[in-house]
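Spelled out, the chains give:
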There are 2 protein chains.
Amino acid sequence: MYTIKDVAEKMELSEHTLRFWAKSGFFPFVKRNANNIRMFSENDLEWVKIVKCLRAVGTENKAIKRYIDLCIVGDSTIAERYSIIQETKARALKQQEELTKQLAMLEYKENFYKNLIKNNLKDTWNPMNKPTLEDEAV
Amino acid sequence: MYTIKDVAEKMELSEHTLRFWAKSGFFPFVKRNANNIRMFSENDLEWVKIVKCLRAVGTENKAIKRYIDLCIVGDSTIAERYSIIQETKARALKQQEELTKQLAMLEYKENFYKNLIKNNLKDTWNPMNKPTLEDEAV
DNA sequence: GCTTGCCTTAGAGCTGCTATCAAATAGTAA
DNA sequence: TTACTATTTGATAGCAGCTCTAAGGCAAGC
């Protein structure tokens, strides 16, 4: 059994965030001990994990709550849960694509500056240097 | 030359966001026409692009402003700009890693539900089904 | 000259934390 | 026993980054 602090460390989240999530109804089964302290079971950690996963790909808290509630209802909601996961995955894939694009741009700029420094050149595009791979626009 | 609306469409950003960014000092060279309307040049679009890139990888607006200001100062700031881009790229790579992990989890859950549906099975883990690849905990 | 449409600014509202606070409890040390 | 420290609690305030609304300006078309 884990306290909030333990979970925070284990899952690399802040205690604040965990309390906020708990208040948002994301951990419906976390029990309290005799002193009203939340005690997370191993199973509760799995809830934390899935919530963290959904948040990490930008799922709104309202939608996370919806998913949790569907889990609680039981087997009749499996189809909806499946489609939620599918949509979430699709969004995550888009994010990955987007991130790859931005990384290409950052790499381009990194090389641009590296070259300026290495050859002791001026930034002839000052105040804005050429920032994209393809554009040659003024 | 482009109005806010044109830029919003072209860059897939909201007009609100562009005005907010403009107010934050991210587009210092955007000129107004006789009717006080912002007119973005091709060069201004490049600024929008780099700001969008930095935001997309989670750079704080304060830090973006800093970068813009460095660009304006000129060649003496190339070294600092270079290291900003390097750090940004490092963060983006971490995000990419994280995203890949979360995608693995989502794929696992997708298959889990798919299997339940295909074989008309019960979710024996209800209310929380087995969510991770490696954990066999309780 | 009236409507439509796009622009403007100011400012309120929203989401998702993040930080601060006081109070309760438990453990340790003198 | 008392004091001090550490941890947890809930309530609440504050913050970043949008997002939306309201009120008004200007230009073109009918």
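Residue positions are counted from 1 within each chain, in the order its sequence is given. To read the labels, note that chains go from A and ligands from 1, taken in the order they are written. Selection of residues for local features in this predicted model requires a pLDDT of at least 70, selection of side-chain atom pairs for listing and counting requires 80 or more, and totals for whole chains, interfaces and linings are taken over all residues. Working from all heavy atoms in the structure, the side-chain values ignore hydrogens and water.

J.: How do you make sense of the protein's contact with DNA strand D when you look at a structure like this?
T.: Only heavy atoms are used to decide nearness, and a residue is near a molecule or strand if one of them lies within 4 Å of it. Around DNA strand D, 18 residues are found, and the nearest of them are Thr3(A), Arg19(A), Arg32(A), Arg38(A) and Asn35(B). Any pair of nitrogen or oxygen atoms within 3.5 Å is treated as a polar contact; in protein, a donor-acceptor pairing is required on top of that, and neighbouring residues in sequence qualify only through side-chain atoms on both sides. Between a phosphate oxygen of DNA strand D and a side-chain N or O atom of Thr3(A), the distance comes to 2.9 Å. A distance of 2.9 Å separates a phosphate oxygen of DNA strand D from a polar side-chain atom of Arg55(B). Strands are runs of DSSP state E lasting at least two residues, helices are runs of H or I lasting at least four, and both sets are numbered from the N terminus onward. At the level of secondary structure, the elements contributing two or more residues to the surface near DNA strand D comprise α1 (4-11) and α2 (15-23) of chain A together with α2 (15-23) of chain B. Among the elements that take part in the surface near DNA strand D, α2(B) stands out by supplying four residues, more than any other.

J.: Looking at this structure, I do not really get the protein's contact with DNA strand C. What am I missing?
T.: Close to DNA strand C lie 17 residues; Asn35(A), Thr3(B), Arg19(B), Arg32(B) and Arg38(B) are nearest. For DNA strand C, the backbone makes up 84% of the atoms found within 4 Å of the protein, where backbone means sugar plus phosphate. At 2.7 Å from a phosphate oxygen of DNA strand C is found a side-chain nitrogen or oxygen belonging to Thr3(B). Arg32(B) places a side-chain nitrogen or oxygen 2.9 Å from a phosphate oxygen of DNA strand C.

J.: Would you explain the relation of the copies chain A and chain B in this entry?
T.: Mapping between the two chain copies consists of a rotation about an axis together with a translation along that axis. Each copy of the sequence occupies a distinct position, and chain A is placed on chain B by a rotation of 180° and an axial shift of 0.0 Å, giving an RMSD of 0.2 Å. Here the transformation between the copies is reduced to the relation of a two-fold axis. Minimal C-alpha distance to the rotation axis in chain A is attained by Gln96(A), lying at 3.3 Å. When the interface residues of chain A are mapped onto chain B, 95% of them again lie at the interface, so the same face is used by both copies. The copies were overlaid by least squares, fitting only the C-alpha atoms of residues that reach a pLDDT of 70 or more in each copy. Any two residues whose heavy atoms approach within 4.5 Å are treated as being in contact.

J.: Would you explain the side chain of Thr88(B) in this entry?
T.: By secondary structure assignment, the location of Thr88(B) is in helix α5 (residues 78-118). Relative accessibility decides the category of a residue: with a 1.4 Å probe and only protein chains considered, values under 20% of the type maximum give buried, values over 50% give exposed, and everything between is partly exposed. The class of Thr88(B) is buried, set by a relative accessible area of 3%.

J.: How should I be thinking about the pattern of salt bridges in this particular structure?
T.: Where charged atoms of side chains with opposite charge meet at close range, the side chains can pair. One side-chain nitrogen of Lys or Arg within 4 Å of one carboxyl oxygen of Asp or Glu is enough to make a salt bridge. Under the criterion given, the structure shown has 12 salt bridges over all chains. Glu80(A) is paired through a salt bridge with Arg66(A); the nearest N and O atoms lie 2.8 Å apart. Placement of Glu80(A) in helix α5 (residues 78-118) and of Arg66(A) in helix α4 (residues 61-73) is noted, with a sequence separation of 14 residues between them. On the basis of relative accessibility, which here comes to 32%, the residue Glu80(A) falls in the partly exposed class. Here Asp69(B) makes a salt bridge to Lys65(B), at a shortest N to O gap of 3.0 Å. Of this pair, Asp69(B) and Lys65(B) both sit in helix α4 (residues 61-73), four residues apart, roughly one helical turn. For Lys65(B), a relative accessible area of 27% puts it in the partly exposed group. In the salt-bridge network here, residues are joined through shared partners; they are Lys89(A), Glu107(B) and Glu110(B).

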